[in-house]
Amino acid sequence: MLDNCRVLDLTDEKGFLCGKILADLGADVIKIERPGGGPSRNVGSFWHDIPDPEKNLYWFAYNSNKRGITLNIETADGRELFKELIKTADFIVESFAPGYMDGLGIGYSAISKLKKEIIWASITPFGPEGPYKDFKDSDIVVMGMSGTMYQTGERDEAPLHISMPQACLHAGADAAVGCMMAYYHREKTGKGQLVDVSLQQSAGWFQANAIPVYELSGGILRRAGAFRAGMSKDVGQRQVWPCKDGYVFFNVIGGKQGAKVLSALTEWMNSEGMATEYLLNKEWDNFDMFSVARDEMAYIQEPIGEFFKTHTSKELMDGAVPRQVSIGPLSSMKDLLNDEGLNGRDFWKDIEHPELGVTLPYPRQFVHSSAEDYSTRFRAPLIGEHNEEVYSSIGLSSEEIITLKQAGVI
Amino acid sequence: MDTENNEGVFSGLTILAFCWAVVGPLTMKFFADNGARVIRVETSKRPCVMRASGPYKDNTPNLNKGGYFNYYNSNILSLTLNMELPEARAIAKRLALECDIFMENYTPGNMEKWGLDYETLKKERPDIIMLRQSGYGSWGPYSRLPAFGMVLVPITGLPNYIGWPGREPLPVGVSAYTDCISPRFATAAVIAAMDYRNKTGKGQLLDLSQFESAIYFIMPGVLEYAANGREPERIGNASEYAAPHGVYPCKGDDRWCTIAVFSDDEWKTLCQEIGKLEYTEDPRFNTLLNRKKNEEELNRLLGLWTIKRTSEEIMEQLQAAGVAAGVVKNTADMYEDPQLRERDMYWKMEHPEMGQFTHLGQSFRLSETPARPYRPSPLLGEHTEYVCTQILGMSDDEFVTLMQEGVFE
């Protein structure tokens, strides 16, 4: 859909996902790194544990479908080349510290004067203004400041971080939304604008019902370990249940939906001789999570827990689907690659990494469009892989390209 | 009522939405907050689970007083239709065909039952854009399985990354965490589809699975398994390549701070700030590898310093010195957060049943066309008459007759 758009993506890991989403929608996304490759090629782990910037798995994960060039924007030549490239671009996406690009004279304020239709997404830890603007970030710090971490973990222990970094993904996805809004506006009016995304705000945007609970009652939702916080004050609603070969997630809930699920589950348990008299006689339609008593919950949860322990997570998922019972097995990474639901939608696509002599599995697409095929096309770029084709397309001769390479500009 | 002249990127667009829980409203919000007229179909026969969820204003269960619902539905119009009745289905279909975008995130099967599936609508309007956004996609082996975020979180594997070594995996504390993921992917795709239609005249069906889009949030883990055969391990608050890196107890009831040190310079600065410069020479802590080896002791010693101070003091002091550190913010801290306030994350508006009530604002800022709070979340069916008479052009008599037949329940 975005086949005629070009994106210059100068982000580090804070913003990879933005360009990835635009690339997946068909845009020509050119990743711009410093000569030798950006430091974000050292984030996370490596193919076969070989610490080589060309083998970084985090880089692979979020830069497929992008081309890649090198450019040192701290040199005069680099800045001129950047301005030339901007002439061909619709979007700039960057995640430098506030003020960095302005300091080089190629920030949004300068560039938007040269090209008023440019759309510029800036992804920063906390925003370009405000009391935290110069704060140092890392995922654990930002997630701590976004409300999620305080509620995660055991009640009487330290809050827990999700060790797979998340804040940058919320921000990257938001930046893509902002870019598309700005693009829609530009196509109507001819005017570009700045999309200002902060990791803290994007990561903190969704806090379930925490804010209204606080505003209406003054209550602060606390950590509840394997249980769910906030429904009944005294009765734990278990979320994480051990099964034969791992864990499944399941909630005993009330309401119409809960009644449907709990009746179906009871029937299932009964077919295997594991439903208790209590469960069989329970009137689920009148079951309410807000008024449930502690022993009532125990009578419900204990036999369910016993039932789950006699089955593997796959058996539970297979049994849950036809009965429309919402059980979520905790998937391992292997499970995801073998997941019947994903494979039934042809989700994984093997993409070649010729340099490694292997293929690796990538999501084929995040959306099925009936108009066009948006399957992932190619792996993340090598360092400077497309220097020749991109720089020659803006008029540089082979000799000039060699000179700039020798001078450390590209 | 001024429902037509909202400014913003999507001013002039009309969207029909059959939306449920949180995924639907977050998607609608992106459009409604930026000027689109978003008509959400509801029914008192089966109100959205959010309308029937606490907390309630004055602790009184009431479909119009739910804090959870009202937090997420600002700028949206509510049309009630009892879809059991053919007249209601006809109204819904007419709106679906006349509006600019039709979006839904019900469990697949409902739209088909009501004759609102893409194939049917396309026959009458070839350039229709329809977004479907269910838990597992509108087709495929799991398509008929009802989904909600608390189950989607484990099925995407995220809890493998939450917990202490050797102990059970834990859920993300913000329940239904994945609910905020697919709306962003969906919105980007819908806007691209509108642009595509403007340029080619072609509409399309966009089908998203909340499960699939959430996998983008753990993709490095999938590649780690595919490349190296390694499954995630629970590592508490540690980082493989940083120490100290964790959450530390602070002065007060359940108060905590984060500290993350990624370089020797930052380590030296931290040692200076806590008055223990000798740690930089200490054979237990002088290098990253030694700090990783003695991480437990390092964390314990650092905790002795943090426990005597408030998390705010620690954040201010260490950040001023150039070390990444922050308050682990609870909801009260989030509500008061000066940075988020400055960035307009919350919109306080007068709601007819809630009084002064905080609605969720936008998660980012557009410099020239900012999202705006135009109106509080709708009462159930608040805009039914407006939609029928002003948008569909029904006469008052026709409207009253249908109302008496129960079409708008």
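Residues numbered from 1 in each chain as written. Chains lettered and ligands numbered in written order. Predicted model: local features only at pLDDT ≥ 70, side-chain atom pairs only at ≥ 80, totals over all residues.

**Comments concerning the overall build of chain A**
If you tally the helices and strands in chain A, you get 17 helices and 14 strands. Taken along its principal axes, the extent of the C-alpha atoms in chain A is 85 × 50 × 45 Å. Taken over 410 residues, chain A has a buried fraction of 55%. Long-range pairs, those at least 24 residues apart, make up 66% of the contacts in chain A between residues at least 6 apart in sequence. (Helix = DSSP H or I, 4+ residues; strand = E, 2+ residues; numbered from the N terminus. Buried ≥ 20, exposed ≤ 12 C-beta atoms within 10 Å, placed from the backbone. Contact = placed C-beta atoms within 7 Å.)

**Some words on the nonpolar core**
Ranked by internal contacts, the top residues of the largest apolar core, which has 259 residues, are Leu22, Cys179 and Val195 of chain A together with Ile15 of chain B. Broken down by element, the residue count for this core peaks at 14 residues, all from helix α7 (residues 167–189) of chain A. Setting aside chain neighbours within four positions, we find Val195 of chain A in contact with Ile119, Trp120, Ala121, Ala175, Gly178, Cys179 and Ala182 of chain A together with Phe364 and Leu366 of chain B. (Core = buried A, V, L, I, M, F, W, Y, C linked by C-beta atoms within 7 Å.)

**Description of the environment of Pro329 of chain A**
Residue position: Pro329 of chain A is located in strand β11 (residues 328–329). Here Pro329 of chain A falls in the buried class, since 26 other C-beta atoms lie within 10 Å of it. Discounting chain neighbours no more than four positions away, the residues touching Pro329 of chain A are Val248, Ser313, Leu316 and Met317 of chain A together with Pro154 and Ile155 of chain B.

**Regarding the interface of chain B and chain A**
In this assembly, 122 residues from chain B lie in contact with 122 residues from chain A. Residues belonging to the side of chain B that touches chain A are distributed by class as follows: 74 nonpolar, 32 polar and 16 charged. Where strand β6 (residues 194–198) of chain A meets strand β12 (residues 364–366) of chain B, three bridges bridge the pair, whose relative direction is antiparallel. By the bridge assignment for β12 of chain B, Val195 of chain A is matched with Leu366 of chain B. (Nonpolar A, V, L, I, M, F, W, Y, C, P; charged D, E, K, R; others polar. Pairing = 2+ DSSP bridges.)

**What to know about helix α9 (residues 210–217) of chain A**
In terms of burial, α9 of chain A is a largely internal element, seven of the eight residues being buried. All of the buried residues in α9 of chain A are Ala210, Ile211, Pro212, Val213, Tyr214, Glu215 and Leu216 of chain A. Those residues of α9 of chain A that are buried lie in contact with α2 (67–72), α14 (331–336) and β11 (355–360) of chain B. One or two residues past the end of α9 of chain A sits Gly218 of chain A, with phi positive at roughly 80 degrees.

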